[in-house]
Amino acid sequence: MISITTLLNPPEGLPLTEILLLSLILGMLHGATPDEHTWPITFSYAIGKYSTKGGMKAGFLFSLGFTIQRAFLTTLGFIGLAAIYKEYNLDGPVYFIVGLVMAIAGSYILKGKYLHLPIDKLLHKDIHQEEENMLRDVPLKMTIVHGLIAGFGFGAYASIITFILAPQLPSIWYAPLPGLFFGLGTMIMQIIFGAIFANIMKLKRMTEEEISYIARKTAGRTLYYGGLVFVIAGLLIIALPAIDNWAISTGNPIPNLDAIDIGFLLVVIVVGLIGITSIISSYREVVRTKHDKKEKVKEVK
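Residues numbered from 1 in each chain as written. Predicted model: local features only at pLDDT ≥ 70, side-chain atom pairs only at ≥ 80, totals over all residues. Heavy atoms only, no water.

As annotated in an unreviewed UniProt entry, the chain carries the name ABC-type nickel/cobalt efflux system permease component RcnA and is attributed to Sulfurisphaera ohwakuensis.

The following block contains the structure:
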C-alpha cells in the first residue's frame, strides 16, 4: 500500500516500475483534485457537448496535449534544464496565455468570431432568440492546444515528477515516461469528470435544440469570461509576483486541496461561479422563451 507521504515525498533509489506507478497515481490525484489548469477547461468543453461521449472526448483531448507536454517536462527534468522553474515564476504568463486561448474559443462559440467584447449582452437578458442561430459548435480540437499550454503550469505534482522521479531514471530514453504516466493518470480522471460535467446538461422535459442551446451558451460564456478572469490573474501575478504566494492552509496534505490560493480561487470562480451561473441563466432564457411563445399562441387563438 502506497501512503500519501510516499507519494508526496518519494524516496531515492526507486526502480523504474515504482517510478511509473507513483507517476500514474500522482496524475490521477492531479486530475481528481480542483486544479486551475484542468477543471475549468474540461468543464467548459465537456458541458458544451452535453453527452457522456462528448464529455469524455473533451477530457481525453485536453489530457492528450497535457500528457505530451508533461513527457517533455520530465525529459527536461532528467537533463537538468527544468531548473528554470526554480528561478522564474511562469504562473503569470501561463495563466495569461491559457486565458487568452479560452477567451478566443469562447468568442468563437458565442459569436462565430475569434475576438469580441459582448459587454452589452451582460446588461440585457432577453437574448435567447437573438443569439440562438449565432452559437457555434464547441471546437473540441482546441482542447489539445489548451492541454499543451496548461502543461507549462507548474505546481506540487509537477515538482515531484520533474525534480524527484525523473532524475532517478537509468537513461534519457526513459525520461519522458514519468510525464507520460502522469499525463495518463490525469487523462483517466479528466475523462471521468468530463463525462460527469457533460451529463449535467441532461435536463428533464427539454428538447434536443433547447439542451444544445444551453450547452453551447454555457460553454461559450465559461470559456470567454473565465478566460478573461485567467488573463487578469496572469497580468496581476506578472505585475505583483507576491500574489502567487498568497495562500490559506486547509490542513489537508494533498496538493490542490492543501490551501485556498489563487489556483483554487480560479477554479471556484470559473467553474463554480461563471459555469454554474451560466447554466442557470441559459436555462432561464429557454424557459422564458418557451413561456413567451405559449403566450403568443394564446393571443392568436
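Now that the structure has been shown, we can carry on.
As a further point, take the overall build of the chain. If you tally the helices and strands in the chain, you get 12 helices and two strands. Helices (α) and strands (β) of the chain occur, in sequence order from the N terminus, as α-α-α-α-α-α-α-α-α-α-α-β-β-α. Relative to its 301 residues, the chain shows a buried fraction of 50%. Here the contacts in the chain between residues at least 6 apart in sequence split such that 83% fall between residues at least 24 apart. Counting every atom, the chain has about 14600 Å² of accessible surface; 67% of that belongs to carbon and sulfur. (Helix = DSSP H or I, 4+ residues; strand = E, 2+ residues; numbered from the N terminus. Buried < 20%, exposed > 50% of the residue type's maximum accessible area, 1.4 Å probe, protein only. Contact = heavy atoms within 4.5 Å. Areas by Shrake-Rupley, 256 points an atom, 1.4 Å probe, with all protein chains shown as cover.)

Right, let's talk about helix 3 (residues 39–49) for a bit. Residue pairs three or four apart in sequence face the same way in an α-helix, which turns once every 3.6 residues. Here helix 3 lies mainly inside the structure; 11 of its 11 residues are buried. Of all the residues in helix 3, the buried ones are Trp39, Pro40, Ile41, Thr42, Phe43, Ser44, Tyr45, Ala46, Ile47, Gly48 and Lys49. Where helix 3 terminates, the next one or two residues include Tyr50, which has phi positive at roughly 40°.

Here we take up the UniProt feature "transmembrane region" (unreviewed entry) in the chain. Feature annotation in UniProt assigns "transmembrane region" (unreviewed entry) to the following positions: residues 59–86, 92–110, 144–166, 172–201, 222–243 and 263–283. Taken end to end, residues 144–166 is 74% helix and 0% strand, and its two terminal C-alpha atoms sit 24 Å from one another. Note that residues 222–243 is 82% helix and 0% strand, and that its end C-alpha atoms are spaced 24 Å apart. (UniProt positions renumbered as here; feature names shortened; annotations may be inferred.)

A word on the side chain of Thr162. The residue Thr162 is located in helix 9 (residues 156–165) in this model. Engagement of the side chain of Thr162 in a polar contact is seen with the backbone oxygen of Ala158, the distance being 2.7 Å. (Polar contact = N/O pair within 3.5 Å; in protein donor to acceptor, adjacent residues only side chain to side chain.)

Turning to the packing of helix 3 against helix 4 (residues 52–79), a few remarks are in order. Close contact between helix 3 and helix 4 brings their axes to 7 Å; oriented N to C, the two are set at 150°. In terms of orientation, helix 3 lies roughly antiparallel with respect to helix 4. In this structure, helix 3 crosses over helix 4, and the sense of that crossing is right-handed. Counted together, Ile41, Thr42, Tyr45, Ala46 and Lys49 of helix 3 and Gly54, Gly55, Ala58, Gly59 and Phe62 of helix 4 form the full contact between these two elements. Among the residues forming the contact of helix 3 with helix 4, the class breakdown is five nonpolar, four polar and one charged. (Axes fitted to C-alpha atoms, helices over the stretch in contact; angles between N-to-C directions. Parallel < 35°, antiparallel > 145°, perpendicular 65-115°, else oblique. Left-handed = near helix turned anticlockwise from the far one by under 90°. Nonpolar A, V, L, I, M, F, W, Y, C, P; charged D, E, K, R; others polar.)

Now for a nonpolar patch on the surface. Taken together, the side chains of Trp246, Ile248, Ile260, Leu265, Ile269 and Leu273 make up a nonpolar region of the molecular surface, amounting to roughly 490 Å² of accessible area. Relative to the helices and strands, Ile269 is located in helix 12 (residues 262–300). For Ile269, a relative accessible area of 32% puts it in the partly exposed group. (Patch = residues over 30% accessible without salt bridge, like charges linked within 9 Å, V, L, I, M, F, W, Y side chains within 5 Å. Salt bridge = Lys/Arg side-chain N within 4 Å of Asp/Glu carboxyl O.)

With that settled, the discussion passes to the confidence of the model for the chain. Confidence along the chain averages 81 in pLDDT terms, with 88% of residues attaining 70 or more. Looking across the chain, the model is least confident in helix 7 (residues 128–131), with a mean pLDDT of 44, and most confident in strand 1 (residues 247–249), with 92. (pLDDT = per-residue confidence, 0-100.)

Before going further, it helps to spend a moment on the nonpolar core. Among the nonpolar cores identified, the biggest contains 50 residues, and Leu26, Tyr45, Val98, Met102, Leu165 and Phe230 are the most heavily contacted of them. Counting residues per element, this core draws most heavily on helix 6 (residues 91–111), at seven residues. Among all residues touching Val98, those that are not within four sequence positions of it are Ile41, His146, Ile149, Ala150 and Phe230. Leu110, Leu135, Ile211 and Ile274 belong to the second-largest nonpolar core, a separate cluster that totals 13 residues. (Core = buried A, V, L, I, M, F, W, Y, C linked by side-chain atoms within 4.5 Å.)

Attention shifts here to the environment of Glu36. Structurally, the position occupied by Glu36 is in the loop between helix 2 (16–32) and helix 3. Overall, the relative accessible area of 10% leaves Glu36 in the buried class. Sequence separation between Glu36 and Asn256 is 220 residues; the distance between their C-alpha atoms is 8.8 Å. The contacts of Glu36, once residues within four sequence positions are left out, are Tyr95, Phe230, Gly263, Leu266 and Val267.

So, about the packing of aromatic side chains. In this description, a pair of aromatic rings is defined by centroid distance and the angle of the planes. For the structure on display, the rule yields six aromatic pairs. Plain terms: the ring middles of Phe66 and Phe182 are 6.2 Å apart, the flat faces sit at 35° to each other, and that makes the pair tilted. With Phe66 in helix 4 and Phe182 in helix 10 (residues 176–199), the pair connects residues that are 116 residues apart, well separated along the chain. Plain terms: the ring middles of Tyr157 and Phe182 are 6.4 Å apart, the flat faces sit at 40° to each other, and that makes the pair tilted. Separated by 25 residues along the polypeptide, Tyr157 in helix 9 and Phe182 in helix 10 bring together distant segments of the chain. Here a set of aromatic residues connected by ring pairs shows up, and it is made of Phe62, Phe66, Tyr157 and Phe182. (Phe/Tyr/Trp six-rings, centres within 6.5 Å; stacked < 30°, edge-to-face > 60°.)

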